[in-house]
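Survey of secondary and tertiary structure
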Amino acid sequence: MTLSTQTASTHRVSASTVDVIPTGAALGAEVRGVDLRDLEEAAFGDVMQVWHDHSVLLFRNQNLSDKELIAFSRRLGDLDWAPIQETGRRFVEGLPEIYIVSNVKVNGEPIGSLGDGEAVWHTDMSYLDVPPKASMLYSLEVPPTGGNTSFCTMYGIYEAIPARLKDRIAGLKIKHDGTYNSGGYVRQGVTATDDPLTSPGAVHPLVCVHPDTGRRMLYLGRRRNAYLVGLDLKDSEALLDELWSFVDRPEFAWEHVWRVGDLVLWDNRCTMHRRDAFDPNSRRIMHRTQVKGVARPV
């Protein structure tokens, strides 16, 4: 990753120094000088403030076991159990909090989910009434090229929307589809459908206020089968297309190129993310945890 030429901001906590290097993009920062296995409480509080400021944090050169990844993740709140993978089973025996994102197969059976294809822009599990507030992804094996993860700021996108469009979407609610995951796979136990009017999913405000920062943000979730409640389907599709036209603009995004030992923490409430496809003959193994939300988006 090419770091920003901006001057690093240094937070002195206890006897240590934590360096925060903004990416120079619309969101994201690298936090240097911390070992997530042994982060003092004061330093953790400092990191959380930096997280609220930048929405996505990168910690390089970490050396975490699954139990240590879970232990750090729990400092942010209770954890969700990993969703059941496409094969119908969970991932790590005895550690249901760990979700494996991988294209690797053992004896012909995938060890994880989402394969090697593109994962489209999405917010994790926004189809739930109370979506998770945060996710962490920790890299164990990465391909030589590809598989990059991009993040976009839903604060910035909302702020960039013209005033006439802000007025039009004020008070609208959106149904977040629960049929397909970000890789295009049908979720376990769900019947496939491409009808936004009848597909399963939770209804949330289209514009929300972040409970910790107080900032307004657009809450889109994902595009497929999304529906603006109360509108004709044609009008809903047209308005959603207009809103989504902002998402792919590079000025709202930051792309992360993975190295082994990277841990990325993102705020699931005010960001979306996507993944590039990569060579199916390469190996990619990532372990993810998810921090439960505490309230419905408002």
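Residues numbered from 1 in each chain as written. Predicted model: local features only at pLDDT ≥ 70, side-chain atom pairs only at ≥ 80, totals over all residues. Heavy atoms only, no water.

**Here's the deal with the pairing of strand E10 (residues 134-141)**
Of all 8 residues in E10, 6 are buried, a share of seventy percent or more. As paired strands, E10 and strand E18 (residues 263-267) are joined by 5 bridges and run antiparallel to one another. Counterpart to Ala-134 in the pairing with E18 is Asp-267. Alignment of E10 against strand E20 (residues 285-291), held across 7 bridges, turns out to be antiparallel. Residue Met-136 lies in a different strand from E20, and its bridge partner there is Thr-289. (Buried < 20%, exposed > 50% of the residue type's maximum accessible area, 1.4 Å probe, protein only. Helix = DSSP H or I, 4+ residues; strand = E, 2+ residues; numbered from the N terminus. Pairing = 2+ DSSP bridges.)

**Points about the pattern of salt bridges**
Enumeration according to the criterion identifies 18 salt bridges in this entry. Notably, a salt bridge pairs Glu-141 with Arg-283, separated by 2.8 Å at the nearest N-O pair. Here Glu-141, found in strand E10, pairs with Arg-283, found in the loop between strand E19 (271-275) and E20; they are 142 residues apart in sequence, far enough to count as distant. A relative accessible area of 43% places Arg-283 in the partly exposed class. Its salt-bridge partner being Arg-215, residue Glu-159 comes within 2.9 Å of it at the nearest N-O pair. Here Arg-215 lies in the loop between strand E14 (207-209) and strand E15 (216-218) and Glu-159 lies in helix H3 (residues 154-160), a separation of 56 residues in the sequence. Here the salt bridges do not stand alone but share partners, grouping Glu-118, Arg-274 and Asp-276 into one network. (Salt bridge = Lys/Arg side-chain N within 4 Å of Asp/Glu carboxyl O.)

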